[in-house]
Amino acid sequence: NRRKGKAKGGTADAGNPKAEPKTRRYPPIQCFTLEEDEMTRCGRPATERYPKLERCKAHHGQHRIMYQKYKDASKVVDAVKQGGEPPTKEQINRYTDWRAALEKARWVRKYVEALRVERAGRDIHQRRFFLKVDDGHKMRLKLLKKGMVKAVDALDGLQARAFKLYMPDSPLQDVDKPVLSTFDSDLMERPMRSTEEVVDIVQSSDRLKGHLQTTGKKLLTAPPIDGTGDEDLIDISLLAQKQQMIAAIAPFTDLESFISIHPLEAADKQDSTRAMLEKMFFCFQQYARRIIFHQPALFMKSLEKVSFKDLILGDDFSIEDMFRFLELFMRPLGFPLPWFKDAVLDALAIYRHDTAANVGRVENRFPLLGGWVFNRAHTATMSNEAWALLLQSLEPPANIENRFVRVCNNFDDLIGFLSFGALGLVPTPSFCESRPTDFLDPGLSRNHLSLSGVVVTDMVSISLPPHMCGPTPTTQKAKKRGCVVWVEVESRSYMFGAVRNEPDPFVDAFLRELRARPDLFQVVTRSETDPGREVEIFGAGPSQALPMMRSRSFEAPRSSSPPNGSGEWSVNRSAVDVLYGTAKEIQGYL
């Protein structure tokens, strides 16, 4: 009898006692963790986590350390929030002792660091270890960001208050007001970033790296970590930020690094070029010291530090501090321009004497980060060497001459600046660029006058449409039969300038030539020492200069060619109006 359940058919090995039953083999589960590039998935098999395998041994160890660390930081953050928020601006202003303010700042700094550790850990967690980020994690990151913004503002306020109490007679700006309050808004290429924007950029590693690279030194990405499972990814991330900061400041802390981003020219010019680069290096180094000296939060952290590297590696120096420093350092043509100008004069003293410690008055020198900085703005006239170094270091674009006028201490400084502009170190401003229809180049004329002590600050050309050159017929009804009303408008281009208010051979000859040509030049002069609106006028008009714009109307028969104008002129805008006009349509320059 056949046994039930036995297959009718079978394989060739069915009756072979040595054949083994076949089992289905599944491929090993791959580790779900992303590598440091945040795009490549780990290629090792997942052997850790229960009940579902998710990570390899190395990444599981890293995750465990990271998770525990940011959870511990989370407990500190929550404890601080339960015990009391960082002080408000009103509370900060009540401090009367700088030591108490700094002690409170240390407490806030611990809170900031706890926020930073938790944010860094959660950021790494969601970018590399989460398959899908849950809503609770996202909400916690938003709360941490708000707390970080508030804590950083409080920390800056406490350090600024401590600075004001530490140096009550400081000649610096009022630290209770934004630094922009002492400068005109047109000096800003872009508005200063808010604390919230800074915190956002600092949290984004790509955006932060892009900002740190702007100093001229390319930052290299750290090599991938093979990992054993014992690495602290949060510490590695924060340490990488410190290393990026150190690399960013290398060009103004190390001479050879600075020279490496400014290649030397031909061999026969290497000596002179290197000497110029050394002076420029001292300029930017002193400029960095002046930024720190003028920023209360940075200044208080620089106390007892011996170098820039020592400052950055300090526990109290944050990535937000570095970002704000670079925001100022990379904008010397903005409102920090007076600091850079003073840094140039510091640098020349250091270059000649190897140090600034024996230059100027003792009470005006202050040791800072292994060097010296003057706590007063330089008031002496800029030398030709100083102007050349300043302009070669900054290479200013066109149309920002007004910014350099603000750093001139006297008329000699103004002439010195424009003279170097005439020699090609400052581009010609757009108001005196030549046009194809110009018979003469106004830029060349301006340069000649600048070298001779006559300042030309602006030229305004007035051009009327071709159909308005000469009398123009109107639709207004005439009183005389067979006539129409014609209107004639006459306008003049004008320019602004300045001359030395004391006897000078060239200036005297220049003014005499203007007076000798009343048919060509209408001149209005005023002195800064005279009362307001007291001017001297001379030109082709009866006892005064012709106006900038005047008009008249008259009646004449209609014709294809305009008739000769007649009648009295009506002044629409006089030369005095150009200076002192108060009309809403066109206001005077002064």
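Report on helix H7 (residues 233-249), specifying residues and quantitative values.
With 17 residues, H7 extends 25 Å from end C-alpha to end C-alpha; this agrees with the ideal 24 Å at 1.5 Å per step. For H7, the complete set of buried residues consists of Leu233, Ile234, Leu238, Gln241, Lys242, Met245, Ile246, Ala247, Ala248 and Ile249.

Go over the nonpolar core, please, and point to the residues and values.
Core analysis: the largest hydrophobic core is formed by 84 residues, its most contacted members being Met322, Phe325, Trp387 and Phe404. Tallying contributions element by element places helix H9 (residues 270-294) first for this core, with ten residues. The residues touching phenylalanine 325, leaving out its near neighbours within four places in the chain, are Phe252, Ala288, Ile291, Ile292 and Leu298. By size, the runner-up hydrophobic cluster in this structure holds ten residues, among which are Val117, Ile124, Phe129 and Ile234.

Lay out the sheet that holds strand E10 (residues 570-573) in plain terms, naming residues and giving numbers.
If you trace the four strands from one edge of the open sheet to the other, you get E4-E5-E9-E10, paired in antiparallel fashion. Two strands close off the open sheet at either side, each with one partner strand: strand E4 (472-473) and E10.

For the side chain of arginine 109, give the residues involved together with the corresponding values.
By secondary structure assignment, the location of arginine 109 is in helix H3 (residues 98-129). Arginine 109 has contacts with Leu155, Gln159, Asp315 and Asp316, leaving out every residue within four places of it along the chain.

Run through the pairing of strand E2 (residues 371-374), naming residues and quoting values.
Sheet topology note: the strand E1 (residues 365-368)/E2 ladder contains four bridges and is antiparallel. Considered in E2, the bridge of phenylalanine 366 is made with valine 373. A loop of two residues connects E1 with E2, the two strands running antiparallel in sequence, and leucine 369 in this loop sits at a positive phi of about 50°.

Before we move on, could you go through the confidence of the model for the protein and cite the residues and values that matter?
Of the residues in the protein, 78% have a pLDDT of 70 or more, and the chain-wide mean is 78. Considering each helix and strand of the protein separately, the mean pLDDT is smallest for helix H6 (residues 205-212), with a value of 52, and largest for helix H14 (residues 384-394), with 92. Within the model, pLDDT remains below 50 along residues 173-189, and this stretch shows 35 contacts once partners closer than five positions in the same chain are excluded. In the predicted structure, residues 215-223 sits below a pLDDT of 50 and forms 19 contacts with residues beyond four places in sequence or in another chain.

Give a description of H14 that names residues and reports values.
With respect to burial, H14 is a largely interior element, eight of its eleven residues being buried. Looking only at H14, the buried set comprises Ala386, Trp387, Ala388, Leu389, Leu390, Leu391, Ser393 and Leu394.

Go over the packing of aromatic side chains with me, naming the residues and quoting the values.
Enumeration over the complete set of coordinates arrives at 16 aromatic pairs. On the basis of an interplanar angle of 85° and a centroid distance of 5.7 Å, the ring pair of tyrosine 494 and phenylalanine 496 is categorised as edge-to-face. Note on accessibility: tyrosine 494 and phenylalanine 496 belong to one class, buried. Feature note: the residues Phe258, Phe281, Phe282, Phe284, Tyr287, Phe325, Phe329 and Phe340 constitute an aromatic cluster, connected by ring pairs. Taking NZ or CZ as reference, arginine 550 lies 4.2 Å from the ring centre of tryptophan 569, over its face.

The rules behind each value
- Numbers given for residues are sequential positions, taken from 1 along each chain in its written order.
- Predicted model: local features are reported for residues with pLDDT of at least 70 only, side-chain atom pairs are reported and counted for 80 or more only, and whole-chain, interface and lining totals are derived from all residues.
- Note: side-chain values were computed over all heavy atoms of the structure, leaving out hydrogens and water.
- Labels follow the DSSP assignment, with helices taken as runs of H or I lasting at least four residues and strands as runs of E lasting at least two, numbered in each case from the N terminus.
- Each helix should span, by expectation, one fewer than its residue count multiplied by 1.5 Å.
- Exposure is judged per residue with a 1.4 Å probe applied to protein chains only, and the accessible area is read against the type maximum: over 50% gives exposed, under 20% gives buried, and values in between give partly exposed.
- Residues enter a nonpolar core if they are buried and are Ala, Val, Leu, Ile, Met, Phe, Trp, Tyr or Cys, with the set joined through side-chain atoms within 4.5 Å.
- Residues count as neighbours in contact if any of their non-hydrogen atoms are within 4.5 Å of one another.
- When DSSP finds at least two bridges between two strands, those strands are taken to pair.
- On a scale of 0 to 100, pLDDT captures the predictor's confidence in every residue.
- Under the pairing criterion, centres of Phe, Tyr and Trp rings, with the six-membered ring standing for Trp, must be within 6.5 Å; the plane angle then separates stacked pairs below 30 degrees from edge-to-face pairs above 60, leaving the rest tilted.
- Geometrically, a lysine NZ or arginine CZ counts as sitting over a ring once it is within 6 Å of the ring centre and also within 35 degrees of the ring normal.

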